Each structure stands twice: as C-alpha cells, then as structure tokens.
Amino acid sequence: MIEKNYQPADIEARMSVVWEDSLAFKAGRPDRRDATPFTIVIPPPNVTGSLHMGHALNNTLQDVLCRFERMRGRDVLWQPGTDHAGIATQMVVERQLMERQQPGRREMGREKFLERVWEWKAESGDTIINQLKRLGASCDWSRERFTMDEGLSKAVIKVFVELHRDGLIYKDKRLVNWDPKLLTAISDLEVQQVEVKGSLWYLRYPIEGKSFSPDDPASFIVVATTRPETMLGDTGVAVHPEDERYQKLVGKHVILPLVGRKVKIVADDYSDPEKGSGAVKVTPAHDFNDFEVGKRHGLRQISVLDKEGCLDLVDNEDYLRDLPEGASQFAEEFHNVERFAARKRIVERLEAFGFIERIEPHTHTVPHGDRSGVVIEPFLTDQWYVDAKTLAKPAIAAVRSGATTFVPKNWEKTYYEWMENIQPWCISRQLWWGHQIPAWYGPDGKVFVAETEEEAVSHALGYYVEQEVITPEQGREMALDRNKREGIITRDEDVLDTWFSSALWPFSTLGWPDDTPEVKRYYPTDVLVTGFDIIFFWVARMMMMGLHFMKEAPFSTVYIHALVRDEKGAKMSKSKGNVIDPLHLIDEYGADALRFTLAAMAAQGRDIKLATSRVEGYRNFATKLWNACRFAEMNQCVVPEGFEPAKATQTLNRWIAHETAHTTREVTEAIEAYRFNDAAGAIYRFVWNVYCDWYVELAKPVLLGPDGPAKAETRAMVAWARDEILKLLHPFMPFITEELWEVTAKREELLTLASWPLKSTGPTAEELAMVAASMPNDGAFISPMVLPIFDHADFTDPAAEAEIGWVIDLVTQIRSVRAEMNIPPATLTTLVLAGASPETKERAPRWVDVIKRMARLSDISFADRAPDGAVQILVRGEVAALPLKGVVDLAAERVRLDKEIAKADADIKRAESKLANEKFVANAAEEVVEEEREKREAALARKAKLLEALERLKQVS
RNA sequence: GGGCACGUAGCUCAGCGGGAGAGCACUACCUUGACAUGGUAGGGGUCACAGGUUCGAUCCCUGUCGUGCCCA
C-alpha cells in the first residue's frame, strides 16, 4: 500500500537500511562472478571534511553510472574511502588545540600530537561517509579505505623506495615555495597567484669608485623592485645585454646601500629594458627568476630570512661575509624583524640617505599559500622531488594514443599543456600528519632509503664498514644489538605531500603491492569522475603512478564535470559565505530531488549555477511520480505473470509501449555518452508529459469501465510502464523508485539489482568486426551509436502513434479554442466532426469517452459539413466544429480565423520563396526540399479549409 | 601577457546549419474520482554586437564588447 503522501526523509532512511542489509552494493557478488567488472574509484574526500555541493555533484554522477551498470548486469565496484589531507587536517587539529587553550603541537611533541589527530579522525571521520550514504551513494562500503591505512602506507613506502632506487625521486637544494605560517614547503599547485596593489620602488645603487650623490645620475644605477627588503640579499644587478644605457657598466660593481656589499653588474636578457628602469636587482635566494639569473652568472645565494619570514642577519655567515666594518651593527638592529615590517623600515632608511628615486603604485601578482593564505616566500632548502618530467612521458602517450580519453575532449588540451611543461614535484612537507618519508641519515648526512628501519640500518652499517668509519666487528655488534646503534641513523622528519598517496589510489585500494585477486579483476578502472580543478593535482599524478607501477593507465575514461558555483558564477567557498549546503537541500526536498537536479544540470562543458527552485521543481516531479503510482495501485494495476507488452492489442497500450521503448533508448544512450542532463530530461518528459498527462488520462475510461479483456490489458500495461519508469529513473532517484518498486508488487529482487530494460544500444564486438570487414576500410571508426540494435523494435507502431496523436491534437486544440473563447470549464459543448475521413470515422468511436471527458464535451457527432455559426478548428487536416452559436461572440471567431489564415499565409510565403530560389532547390539536401514542398502543400490545404470556415461563418452573421 | 569557456524568455539553463525550448517566476481559469508539491490555457526572446562563409546562420569562421576560470 502506497502512503498517501510522499515523505522523502522516511523513505530514504528505510531504503538505506534495506540496501545495506542486502549487501546489494558489494563487489564480487557470487551471482556476478562471470559478469564484466565495472570499476570506479571515488575521489576520496578529506576524512574530516563534510559534504559540499561539489561532492554532491561528483558522487551523484558516479552513482548514476554505477547503478546503471549494476542494473545492466556488471559486477560493479565503486571503491570508497577518505584522504588524510595532510595540511588541512593538521591545521584543523592545531586550531582546535588553540581554541581549547591546550598546549600546542610543538609543546605536545610529535607522538602525542599524532595521537591527537587520530582521535580527531576517529571522532569525525564517519561524518563524510554517512553524508555520502545519505546522498544514496552505492559504494561497496565494506571496502572503505583510508590513505593512512596500513595497506596504503605500505604501498606509499614501496613506491617511494622504488622510485628512489630508479632515480626518479631525489633530494635537492633549490628554491621552494615556503609557507612561513605553516612552516612547510608546498608544491607549485598549492600556490595561488593573487593580484595585489603594491608599489614599485626605484632604488639608487651607488657605483663603485664614484662618490654617491642623489643629484649625480652618473654616480648610481637605478633598479626597480617590488620587494625592497630583499635587497639585503642582493648579489648582483642585471641589465639587458643590448641596453645601450648600461653597456659601459656591465662588469663594474655597485655598493649595496645600507649593507656595503660589493655587487657585480651583469648582462642578462632576463632584464626587460621596457620595464622599470631597465635594471633589476638580483636576489638569488629569494626569487625564482633571480635564482636562475644567479646560476647563469655564478652569483652567491644569500638567504636573509628565516623560516618564519623574519630577517636573519646576526650570525648569518653568508650575509656577513666580506662586509665592511660596522656591518654587524646594522645586522643587529634589523635582526629578527618581520618581513613586512622590515620592508617599511628599510625603505625609510633608504629614503633617509637618498637611495630612493621614486615610488610608483604597481599592481602585480603575489603568490599565496592556498591553505594558510599568507604570502609565500621563495626559500632555499633541501627537499625531496619526484622527476615528474620522466613519469609524465608515458602519461602523455596514454592520452595521445586514446588508451585514456577525456570527456569532454577539450580537457585533453589542458592536460597536455600541463604535462608537457611539468616541473619537478616537491613532495616533502615539514608537517607531522602524513606518511613519514622512509629515509634515514647517517651522522655524516649520508641518506639511506629503505622500506623499514631494519633495512636502513643494515644499509648504513654496510656502508660505514666499507668506508672504514666503523670496523666490521662493530658493524656486526650493532646489527645484532639494537641498543648499540645509538646515533647511527636518524629518520627524516618530513612527511609526503598528501597527493603522493592519492596518486596511488586506483591500485593501492585494491591491495597493491600484494598480488590480490581484486587488483587483477578491477584494475584498470573504467571511469574516473572528477572536477577539472584537480586534473593536475590528482588525475595527472594517478596517470603517472598507474602507468609506472601497473604498466596500464588507471582508467580508460576521465569524465570531467562542472564546478558547482553560486548564482553569480563564483566558486563556492566558506570564506565567501556563498555555500549552499547539500544536506539542507536533502532535508528540505529529499536526496532524490537534489540528485536529479544535479544530473539534469550536468551539461558537458558548462558550470552549474545552482538555483534552489530547480530542486523544488524536481521534488514536485517525485511527488507526481508518487501519485501516478498511487493511481495505478488504486486501479488494481499489476503486471500478470508472463505479460508481454509487445503483444498488446489495444491501440493505447501499443502506443505507450512504443513511447516507453523510445524513452528507454534515449535514456540509455545518453547515460552511455555521459550526457546526464539529456538522460534526466528524457525520463522527466516521459513520466510527466507522456505517461501522466496522456497515457493515464486516456486509460481512465477503460480502467473505470466494465471488466473485460481491454481493461485487463490496460491494467497490465499501466503497471508494466510504471515498472519500466522505475527502472529508468532508478539511477537518478534511487530512494523513491526502490520504495515504489517494493510497495507496488511482490518482487523477486531489489530494484537496484533488477535488469535494465535495454541491454545494449550497440552491436557486439563480433558484429562490429563483421560490419567493418564488409566495408571499404577508410579507417573511420564505426561508433556503436551509429548502428543501434532495436531491442524494442517490436514496439514500434506508427499506426498507434498516428491514432493517439490524433486524439491528443484534437483534445489540445479544443481546449485551446475554449480557453481563447472564454468558455467556462463548466459549460459542456458538442463536437461535430465535419467531412471526416473513413479513418477518423473508424477511430472516433473508440475515443468518445476520453475526448468528451478531456475536452469537456457533451456529445460528438458526424456531419458532412460544419454547422453554421460554429467555431471550426483543423485537426490533422480535418475540420472539427464546435457549434457555439449564442455561446460565443462570432466576431471573435472571425478574428481568430483571420489570424489563423494569416499564419497559414506566412507559412506558404516562406515555403514558396524558398522553393522559388533555384539555388536552394539545387543545393539543399533532397529531404529538405521535399520537406519544404510538403510544408507548402499542408499550409495551402489548411488555408483552403480556413477560408471555407470563414465563409460559413459569414453566412450566419 | 598566454589559454579555455560563456553571453539564448524576468531568473536558472538546454539546444545548435533548415520555422526558438525546459524548469521556476508571471497572467487567467479550474478543488473533474492519483496528484493544488496539482490541472488547463496563455503572455514573454532582432538567440550580446559587427562582418564573413553558405541556397539558408542562434548554430560554422573572424573581429568587437562583456563575464568567468586556468596558467604566467
């Protein structure tokens, strides 16, 4: 028994339990042992995060695919799990400690702090998983993984060790993006370029050997900079080699103001003669470009900042080297001054001595940390790097060859662009939460990379014995006795970039590096569904790692969906406060409505600007479906054993079978092509505008009439079509459809495991091969879409279409005319079918009840010609007359007819002018020309009838 | 500066070489035996602008203007 009202919350709670108890989503169910696997790995959300709109969209689309393929009989594995999200999670816990005024991370120490993070994970880690379940995600929850799981950690260690062994991971001292707030290096991708209104300072650097005077331009060179405070670390001045202004100065030196360091003037085309003064200061330790310039000219690298972004001058040997007397006094004065304060004070000091020529307002982009929001400092440190350039090569090739394709295709360009210009990937992070790097250092700094500490120890002992640092005897003792190893090696403190473990996700979750049956069966995966914002972070890196370690690309298709934006098109973010919480929408309208909205708006290549009104509209759609099913139930509609819709005899029933088959094809093909919006649109229109608006309405007289074969067949068909609807809609609205499936009949299985109505829209591989062989090989790929197999061919019934189409047109037009003539619904009128064709005469009696009911008529009759003074409409070329003499204003009818005639005239004119155009007739496709002729004929016929009608009207008045 | 999108009904969006579509909103009418979370009918758009290709352009090409995103 279906409840009177549709209550999403009740249904959703109950169905979640039903699915869970039945293990419906478990991969590798025995009954699917011989089925082809279908695998998707979830983009793992942050373990302590909560569901946002992006997740809702991303997971709705994955779920549509998984439920669709599951119903098509595949052995579906949707692999769920969460990401440890290094920086983000560590920050959250640190903030928590601060808010609770508890000891900070450093005071706690590494071990205690990590315990604390694990506690937080235990507390909040289920949130996001439960939210995904509320959305209806049909993951195999029994296989949930976490990037810091034992198994996944094992994979991470193995990958690191192997890549290091192969020279693809190495340690290097170079400039990194340093976050002075989080005190860690970050990768290029974690840096956000922000446009900032700043200044350009023009500094005067005195030329060596000349006596400096602000009034004597020959005594100095002007350099322009956006970061005056870094001048303390300057080790050169660069001018363009072809810049005539400065050619004489190249090779000479300037004396750095305030500092007194002697600095060389070099020629380098990095300096742009058009910009600023044409001369730039070179600070190799604090700027990426300057670093390169410095390398080209052998300039020293002097770091003048510490990890926290404060000036570091006292005891800074690099800084103090070769400085004149008195330099240490300045160093002491400015030591430990924060970088922005330092900028201000140094500018003041320079100004006081006449070293500033001028200051211009200047807008430029400044790198910011995407997590901390502070300005990133290029900083010279030792870090671990992945040789991304080498790994990128096969990853590029896999997409070029089509082994992996992007949908929509244009993202491939973005992918190539990035991959072909890829930089070494900095993977070490100065954090505690994450996979600690499996590298150990000896007392002399020698590094030993190994999977375990034991192994590292043995490497180290071997090495130091060989180097004769210790004797073989000592080595043996240390190997045997842990207590004697004190100080031999210490582990690298750093952890790996979170994306390092994410890059392994498609195989680490299946049990790799162990040789598990899951790895064999489910790798490579079928499709990856994700947003374009993480193509670089994640997709590219999975491609690299997958190809390197598994020798096969991790997925054959990458479906890139839109970003969900706010109504203004801006990215939703907490800081902007424009976030729409999907859970609120679920509470208000139900998960099904939210899912349907997202799917319906997921057109390829366009962002989604979410409007709540759409969600409401689709909730109404769910209600509509609910009530249609109630109607079927009230009329005892059930599908009898062995019912074959193709064998239906009633025209109406043949028609709905035909329409259902058509929709089935539309929905199936659209999902196959990742056109989620088309699929959603097709099923929506079918349910509301075909099944509810017409089929059910047209079936009512039969269902309410006397028992008999027609009624029995109609009851069966109403139920059959309903079941087909539930199946087609299930991937989009799983909860309501499963509920209705359960309550409308005794079922052998859950809807979620039922068979999809259409197995395949294309030929099998064999058939394709046959077709290909029989055709001249022009290299063209024959898409399965082009050669559809009509499983539902039995249902095509043009005669039924024509008959029902006539009924629909007739009813619609009568309604329209009645509304136009302001005939109140309560007024019943009569209908005269004038000069009806034999076809119409044969059809009409079958539909009298329906037409009377729907068009609000009292009687339908035939006549040779329309009665005088009747409103006359044209339905498929024949006149239908409503004798309304006295009911309506005949003048109004004349106006209406005039309008109709004018319309027909316009159509005739348009068609004729086209047909009169020789070029059109000569160039346009045959069908198009023919179509135009038909249009002309139809319009001419229509006009003739309308003129007759007008004539008759005139005779009356 | 380079790249990628996008400007279609009041709003949110489909469509895309042969007569402009949906949902919501709006107007009028309707509590008809599934449904007022509903039904019926209707109004509303030189498809940003300017050129070009074509027999034919909202759709393809070029440019302009505007908006958004990504990368320097």
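Cut-offs and rules
Residues numbered from 1 in each chain as written. Chains lettered and ligands numbered in written order. Predicted model: local features only at pLDDT ≥ 70, side-chain atom pairs only at ≥ 80, totals over all residues. Heavy atoms only, no water. Helix = DSSP H or I, 4+ residues; strand = E, 2+ residues; numbered from the N terminus. Rg over C-alpha atoms; globule rule 2.2 N^0.38 Å. Buried < 20%, exposed > 50% of the residue type's maximum accessible area, 1.4 Å probe, protein only. Contact = heavy atoms within 4.5 Å. Areas by Shrake-Rupley, 256 points an atom, 1.4 Å probe, with all protein chains shown as cover. Lys, Arg positive; Asp, Glu negative; His and termini not counted. Charge placed at Lys NZ, Arg CZ, Asp CG, Glu CD. Phe/Tyr/Trp six-rings, centres within 6.5 Å; stacked < 30°, edge-to-face > 60°. Lys NZ or Arg CZ within 6 Å of the ring centre and 35° of its normal. Pairing = 2+ DSSP bridges. UniProt positions renumbered as here; feature names shortened; annotations may be inferred. Disulfide = S-S within 2.5 Å. Salt bridge = Lys/Arg side-chain N within 4 Å of Asp/Glu carboxyl O. Axes fitted to C-alpha atoms, helices over the stretch in contact; angles between N-to-C directions. Parallel < 35°, antiparallel > 145°, perpendicular 65-115°, else oblique. Nonpolar A, V, L, I, M, F, W, Y, C, P; charged D, E, K, R; others polar. Core = buried A, V, L, I, M, F, W, Y, C linked by side-chain atoms within 4.5 Å. Left-handed = near helix turned anticlockwise from the far one by under 90°. Patch = residues over 30% accessible without salt bridge, like charges linked within 9 Å, V, L, I, M, F, W, Y side chains within 5 Å. Expected span 1.5 Å × (residues − 1). Arc of directions from axis to C-beta.

Draft legend 1. Layout of the overall build of chain A. When you go through chain A residue by residue, the secondary structure sums to 31 helices and 29 strands. Scaling as 2.2 N^0.38, a compact globule of 957 residues should have a C-alpha radius of gyration of about 30 Å, whereas chain A reaches 38 Å, well beyond that. Expressed as a percentage of its 957 residues, the buried residues of chain A come to 53%. In chain A, 76% of the contacts between residues at least 6 apart in sequence involve partners at least 24 apart. When the accessible surface of chain A is split by element, carbon and sulfur atoms take 50% of a total near 43,800 Å². Taking the average place of the 121 positive charges on the side chains of chain A and the average place of its 149 negative ones, the gap between the two points comes to 4 Å.

Draft legend 2. The arrangement of the environment of Leu65 in detail. Looking at the element boundaries, Leu65 is found in helix H2 (residues 53-71). The buried category is assigned to Leu65, whose relative accessible area is 4%. Sequence-wise, Leu65 and Thr471 are 406 residues apart; in three dimensions their C-alpha atoms are separated by 64 Å. Those residues in contact with Leu65 that sit more than four places away from it in its chain are Phe38, Ile40, Val527, Val529, Ile671, Tyr674 and Phe676.

Draft legend 3. Representation of the packing of aromatic side chains. Under the definition given, this model contains 38 aromatic pairs. Their ring planes at 25° and their centres at 4.8 Å tell us that Phe212 and Phe355 sit as a pair that is stacked. Of this pair, Phe212 sits in the loop between strand E7 (191-206) and strand E8 (220-225) while Phe355 is found in the loop between helix H10 (339-352) and strand E13 (356-369), placing the two residues 143 residues apart along the sequence. On the accessibility criterion, Phe355 (11% relative accessible area) is buried. Measuring from ring centre to ring centre gives 5.5 Å for Tyr618 and Tyr684, while their planes differ by 85°; the resulting arrangement is edge-to-face. Of the two residues, Tyr618 is situated in helix H21 (residues 612-634) and Tyr684 in helix H23 (residues 676-704); the sequence distance between them amounts to 66 residues. Classification of Tyr618 as buried rests on a relative accessible area of 10%. By relative accessible area, Tyr684 is classed as partly exposed at 24%. Cluster of aromatic residues (ring-pair linked, three or more members): Phe596, Tyr618, Phe621, Tyr684, Trp688 and Phe732. For the cation-ring pair, Arg105 lies above Trp432, with the distance from its terminal atom to the ring centre recorded as 4.6 Å. Lying over the aromatic face of Tyr463, Lys446 brings its terminal NZ or CZ to 4.9 Å of the ring centre.

Draft legend 4. Inspection of unusual backbone geometry at higher detail. Cis rather than trans, the peptide bond between Val407 and Pro408 has omega equal to -5°. The omega torsion of the bond from Tyr523 to Pro524 falls at -5°, within 30 degrees of zero and hence cis. Structurally, Pro524 can be placed in the loop between helix H17 (517-522) and strand E22 (525-531). Residues other than glycine seldom take positive phi values, yet Asn336 does so here, at roughly 70°. Even without glycine at this site, Gln636 takes up a positive phi of about 55°.

Draft legend 5. The arrangement of the pairing of strand E5 (residues 169-179) in detail. Across 10 bridges, the pairing between E5 and strand E14 (residues 377-386) is antiparallel. By the bridge assignment for E14, Trp178 is matched with Glu377. Hairpin connection from E5 to strand E6 (residues 184-186): 4 residues lie between these consecutive antiparallel strands, with Leu183 at a positive phi of about 55°.

Draft legend 6. Here's a closer look at the UniProt feature "domain: Valyl-tRNA synthetase tRNA-binding arm" (unreviewed entry) in chain A. The UniProt feature table records "domain: Valyl-tRNA synthetase tRNA-binding arm" (unreviewed entry) at residues 889-954. Between the end C-alpha atoms of residues 889-954 the distance is 13 Å, and the span holds 94% helix and 0% strand.

Draft legend 7. Spotlight on the state of the cysteines. Within the structure shown, the criterion is met by 0 disulfides. Among the cysteines around Cys66, which has no disulfide bond, Cys139 carries the closest sulfur, lying 7.2 Å off.

Draft legend 8. Quick look at the pattern of salt bridges. A complete count under the given rule lists 60 salt bridges for this structure. Between Arg74 and Glu69 there is a salt bridge, with the nearest N and O atoms lying 3.5 Å from each other. Judged by relative accessible area, which is 8%, Glu69 ranks as buried. The partner of Asp268 in a salt bridge is Arg296, and the shortest N-O contact between them spans 2.9 Å. Taken together, the residues Asp268 in the loop between strand E11 (262-267) and strand E12 (279-282) and Arg296 in helix H7 (residues 288-297) connect sequence positions 28 residues apart. By relative accessible area, Asp268 is classed as buried at 3%. Beyond isolated ion pairs, a larger network of salt bridges with shared partners links Glu69, Arg72, Arg74, Asp526 and Glu672.

Draft legend 9. The packing of H21 against helix H25 (residues 734-744), seen in detail. One can describe the packing of H21 onto H25 by two numbers: an axis separation of 11 Å at closest approach and a directional angle of 5°. Taken together, the axes of H21 and H25 are roughly parallel relative to one another. Between H21 and H25, the residues in contact are Ala622, Leu625, Trp626, Cys629 and Glu633 and Ile736, Glu739, Leu740 and Val743, respectively. In terms of residue class, the contact of H21 with H25 is made up of 7 nonpolar, no polar and 2 charged.

Draft legend 10. Region of the structure containing the sheet that holds E22. Spatially, E15-E23-E22 is the arrangement adopted by the 3 strands of the open sheet, whose pairing is parallel. At either end of the open sheet lies a strand with only one pairing partner, and these are strand E15 (405-407) and E22. When strand polarity is set aside, the average angle formed by the axes of neighbouring strands in this sheet is 20°. Note: E22 against strand E23 (residues 555-561), 6 bridges, orientation parallel.

Draft legend 11. Structural context of the nonpolar core. Counting residues in hydrophobic clusters, the biggest one holds 205 residues, and the most contacted among them are Phe500 and Phe732. The biggest single contributor to this core is H23, with 16 residues. Apart from the residues within four sequence positions on either side, Phe732 is in contact with Val64, Asp592, Arg595, Phe596, Ala599, Val667, Ile671, Phe676, Ala679 and Ala680. In this structure, Tyr205, Val239, Leu256 and Phe330 belong to the second largest nonpolar core, which totals 36 residues.

Draft legend 12. Quick look at the packing of H2 against helix H5 (residues 110-135). Relative orientation of the contacting elements H2 and H5 amounts to 55°, with a least axis distance of 10 Å. The orientation of H2 relative to H5 falls into the category oblique. For the pair H2 and H5, the sense of crossing is right-handed. Within the contact between the two elements, H2 uses His55, Ala56, Asn59 and Thr60 and H5 uses Ile128, Leu132 and Leu135.

Draft legend 13. Structural context of the environment of Pro217. Among the structural elements, Pro217 can be located in the loop between E7 and E8. A C-alpha to C-alpha distance of 9.1 Å links Pro217 and Arg204, two positions 13 residues apart in sequence.

Draft legend 14. Structural view of a negative patch on the surface. On the surface, Glu111, Glu115, Glu119 and Glu123 cluster together to form a negatively charged patch. Residue position: Glu111 is located in helix H5.

Draft legend 15. Seen up close, helix H1 (residues 8-22). Here H1 contains 15 residues, and its C-alpha end-to-end distance of 21 Å stays within 8% of the 21 Å for a straight helix at 1.5 Å per residue. All buried positions along H1 are accounted for by Pro8, Ile11, Glu12, Met15 and Trp19. Axial view of H1: buried residues confined to an arc of 95°, hence all on one face. Pointing more than 90 degrees away from the buried face of H1 are the exposed residues Ala9 and Asp21. Packing partners of the buried residues in H1 comprise H2, helix H19 (582-589), helix H20 (591-601), H21 and H25. Phi turns positive one or two residues past the end of H1, at Leu23, with a value near 55°.

Draft legend 16. Structural context of the pairing of E7. The pairing of E7 with E13 spans 13 bridges and is antiparallel. Across the sheet, residue Val196 finds its bridge partner in E13, namely His364. Across 6 bridges, the pairing between E7 and E8 is antiparallel. By the bridge assignment for E8, Tyr205 is matched with Ile221.

Draft legend 17. Quick look at the sheet that holds strand E18 (residues 439-441). Across the sheet, which stays open at both edges, the 3 strands sit in the order E19-E18-E20 with antiparallel pairing between neighbours. Strand pairing shows two members of the sheet lacking a second neighbour, strand E19 (447-449) and strand E20 (490-491), which therefore form its edges. Here 3 bridges tie E18 to E19, and the two strands are oriented antiparallel to one another. Across the sheet, Ala439 pairs through a bridge with Val449, a residue of E19. Docked against the sheet, helix H13 (residues 453-466) engages E18 and E19, running at close to 140° with respect to E19.

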